[in-house]
Amino acid sequence: MAPSLILVPLVFIQIFLGSVSAISPPKTDTLKPGQQLRDWEQLISARKVFTLGFFTPTESSTFSLGSAGLRYIGIWSQHGLSNPVWVGNPTESVFDSSGSLSIDTNGVLKITSANASPITVVRPHLSLAGNVSATLLDSGNFVIRETGRGGGPGRVLWQSFDHPGSILLPGMKIGFNLKTKKEVSITSWTSNKVPTPGAFRLGLDPSGANQLLVWRHGEIYWSSGKLSNNGSSQLNLELSSSYIDYEFTFHSDKHMKYFSYSVKKTNGSVFSSWLLDTLGQITVTNSLESKTSIRGSSESSGPCRTDSKNSSAICIAEKPTACRKGSEYFEPRRGFMMDNAYYGVGLSSGISDCHGSCWRNCSCVAFERSSGGRCQYWGKGSTFVPYDTFNVNLELIVYVLDSAK
């Protein structure tokens, strides 16, 4: 299916600073054995492009640096990204601000915190021959490597680019290691607040065709179409950001088959990223900073087409069923449903999972996803009551079928 493009506003990171220690750590891009990166401290890449530190995801597609909420170690950009580009502990959060990151002489990266077991973030499988360190590069890659002769960079033991999260950056490679049979792909979060692997995955077509696919729980959800018959080509995504020139590369040899992209040199500093969001959309974000101005844009590509009359409706492409033609939609409403409620069986579902289950059930007319990740549904005969009726200010959102009253 050919990609459809939806122009959306560029989302800038909202950073809410918590209390900061009176003693600030020296600004550095490297963590060495014997050092600790505490909750309020950060690694900053050499040219101040990326930052590594503790953060808390929020429901509004932004993240907080403040100390409240579940804490994760991650990498984020200073160029208006709403998601961290990498999360080191997506399945094991720190419950307070007592966490600290450290690396030992074996290259093991771990988080320790008060009254909790250590969380292993990285355990390299290569044998060591010397000192090690972990460095945040300006590319957004976090690299654990040995110290070479003379104190310079040595052999790479592990890198975050081989373990991506929901964002593809220039220089990352997604594809297959033909020797180890390992696949590298981009995976959506479960929700904006939960960075565990979600329903969607972006990767290289395993059939050998030079195209990208998005899978939804293992089923093909979107295809880019064939992109190239040789090793390198230009791909025209019809981006409005015509001032940025991309180069897309497909590489194949006896060891690896992968896709990557880069941004050609321009008159200014360019930042680009691809985000696979919780609804399976690929959002391409670009910003160009020159001596006189900063320009930015964000566009989405995927099988879902937003109806301009219902732009607030949840945008997930579903297959037609006996009772759904495919044109129906669920729109978010502030309020609650009365009568005929029931719960799903999953305890860690994303919004797309709730949507899919309700879509396949002909009697389902509304759903919501609780903060704990459980889906609640309402059947025919239930009634929607807006919060405005009671003049209260609550933020619970219910997704109601367009034909439901």
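Just so we're clear, the structure is a prediction, and the values are computed from it rather than from any experiment.

Helix and strand counts for the protein chain come out as one helix and 33 strands. With 405 residues in all, the protein chain has 48% of them scored as buried. Accessible area of the protein chain: about 20200 Å², with a carbon and sulfur share of 52%.

Once that is clear, we can look at the state of the cysteines. The tally for this structure, following the rule as stated, stands at three disulfides. Sulfur-sulfur distance for the disulfide between cysteine 323 and cysteine 362 comes to 2.1 Å. On the sign convention where negative is left-handed, the bridge of cysteine 323 and cysteine 362, at about -95° about the S-S bond, is left-handed. You can see cysteine 323 sitting in the loop between strand 27 (294–302) and strand 28 (330–338) and its partner cysteine 362 sitting in the loop between helix 1 (351–360) and strand 30 (364–369), a full 39 residues away along the chain. Shown here is the disulfide that connects cysteine 358 with cysteine 364, its sulfur atoms set 2.0 Å apart. Of note, the bridge from cysteine 358 to cysteine 364 carries an S-S torsion of about -95° and is left-handed in sense. The exposure classification of cysteine 358 matches that of cysteine 364, with both residues buried.

Moving on to helix 1. With eight of its 10 residues buried, helix 1 lies for the most part within the structure. Turning to helix 1, its buried residues number three or more, namely Ile351, Ser352, Asp353, Cys354, His355, Gly356, Cys358 and Trp359.

With that settled, consider the sheet that holds strand 11 (residues 119–122). Sheets are built from strands paired through backbone hydrogen bonds, the pairs being either parallel or antiparallel. An order of 3-9-10-11 is seen for the four strands of this open sheet, with the pairing classed as antiparallel. Two strands lie at the open edges of the sheet, namely strand 3 (37–38) and strand 11, each paired on one side alone. Bridge count for strand 9 (residues 100–103) against strand 10 (residues 109–112) is four bridges, and the pairing is antiparallel. Bridge assignment links isoleucine 103 to a residue of strand 10, and that residue is leucine 109.

Before going further, it helps to spend a moment on the sheet that holds strand 18 (residues 186–191). Pairing in this open sheet of four strands is antiparallel, and the strands run 18-19-20-21 from one edge to the other. The open sheet has two edge strands, strand 18 and strand 21 (219–223), and neither has a second partner. The mean inter-strand angle of the sheet, taken between neighbouring strand axes irrespective of direction, is 35°. Sheet topology note: the strand 18/strand 19 (residues 194–204) ladder contains four bridges and is antiparallel. Its bridge partner being in strand 19, serine 191 is matched across the sheet by valine 194. Each of strand 18, strand 19 and strand 20 (212–216) is contacted by helix 1, which is oriented at about 75° to strand 19, the strand it contacts most.

Here the protein chain averages 80 in pLDDT, while 76% of its residues score no lower than 70. For the stretch residues 1–25, pLDDT sits under 50, and the model shows 57 contacts to residues farther than four places along the chain or on other chains. Confidence over residues 229–242 falls short of pLDDT 50; this stretch has 34 contacts with residues more than four positions distant or in other chains.

Next up on the list: the packing of aromatic side chains. The tally for this structure, following the rule as stated, stands at 15 aromatic pairs. By the ring-pair criterion, three or more aromatic residues cluster together here, those being Phe248, Phe250, Phe259, Tyr261 and Trp274. Taking the ring centre of tryptophan 359 as reference, the NZ or CZ of arginine 324 above it sits at 5.9 Å. Looking at arginine 333, its charged tip hangs above the ring of phenylalanine 384, at a distance of 5.3 Å from the centre.

With that settled, consider the pairing of strand 21. Across four bridges, the pairing between strand 20 and strand 21 is antiparallel. For arginine 216, the partnering residue across the bridge sits in strand 21 and is glutamate 219.

With that settled, the discussion passes to the environment of serine 191. With respect to the helices and strands, the residue serine 191 is situated in strand 18. C-alpha separation for the pair serine 191 and threonine 58, spaced 133 residues apart in sequence, amounts to 9.4 Å. Those residues in contact with serine 191 that sit more than four places away from it in its chain are Thr278 and Arg369.

For the rest of this paragraph, the subject is the pattern of salt bridges. For the coordinates displayed, the defined rule picks out seven salt bridges. Lysine 319 is the salt-bridge partner of glutamate 219, the closest N and O atoms lying 3.7 Å from each other. Linking glutamate 219 in strand 21 with lysine 319 in the loop between strand 27 and strand 28, this pair joins segments that are 100 residues apart in sequence.

Soluble globular proteins tend to pack their nonpolar side chains together in the buried interior. Ranked by internal contacts, the top residues of the largest apolar core, which has 69 residues, are Leu52, Phe142, Leu202, Phe259 and Trp274. For phenylalanine 142, the residues in contact, after removing those within four places along its chain, are Leu43, Leu52, Ile75, Trp86, Leu109, Ala134, Thr135, Leu136, Trp158, Gln159 and Ser160. Counting seven residues, the second-largest nonpolar core is a separate cluster that includes Val365, Phe384, Val398 and Val400.

Basis of the calculations
Residues numbered from 1 in each chain as written. Predicted model: local features only at pLDDT ≥ 70, side-chain atom pairs only at ≥ 80, totals over all residues. Heavy atoms only, no water. Helix = DSSP H or I, 4+ residues; strand = E, 2+ residues; numbered from the N terminus. Buried < 20%, exposed > 50% of the residue type's maximum accessible area, 1.4 Å probe, protein only. Areas by Shrake-Rupley, 256 points an atom, 1.4 Å probe, with all protein chains shown as cover. Disulfide = S-S within 2.5 Å. Pairing = 2+ DSSP bridges. Axes fitted to C-alpha atoms, helices over the stretch in contact; angles between N-to-C directions. Contact = heavy atoms within 4.5 Å. pLDDT = per-residue confidence, 0-100. Phe/Tyr/Trp six-rings, centres within 6.5 Å; stacked < 30°, edge-to-face > 60°. Lys NZ or Arg CZ within 6 Å of the ring centre and 35° of its normal. Salt bridge = Lys/Arg side-chain N within 4 Å of Asp/Glu carboxyl O. Core = buried A, V, L, I, M, F, W, Y, C linked by side-chain atoms within 4.5 Å.

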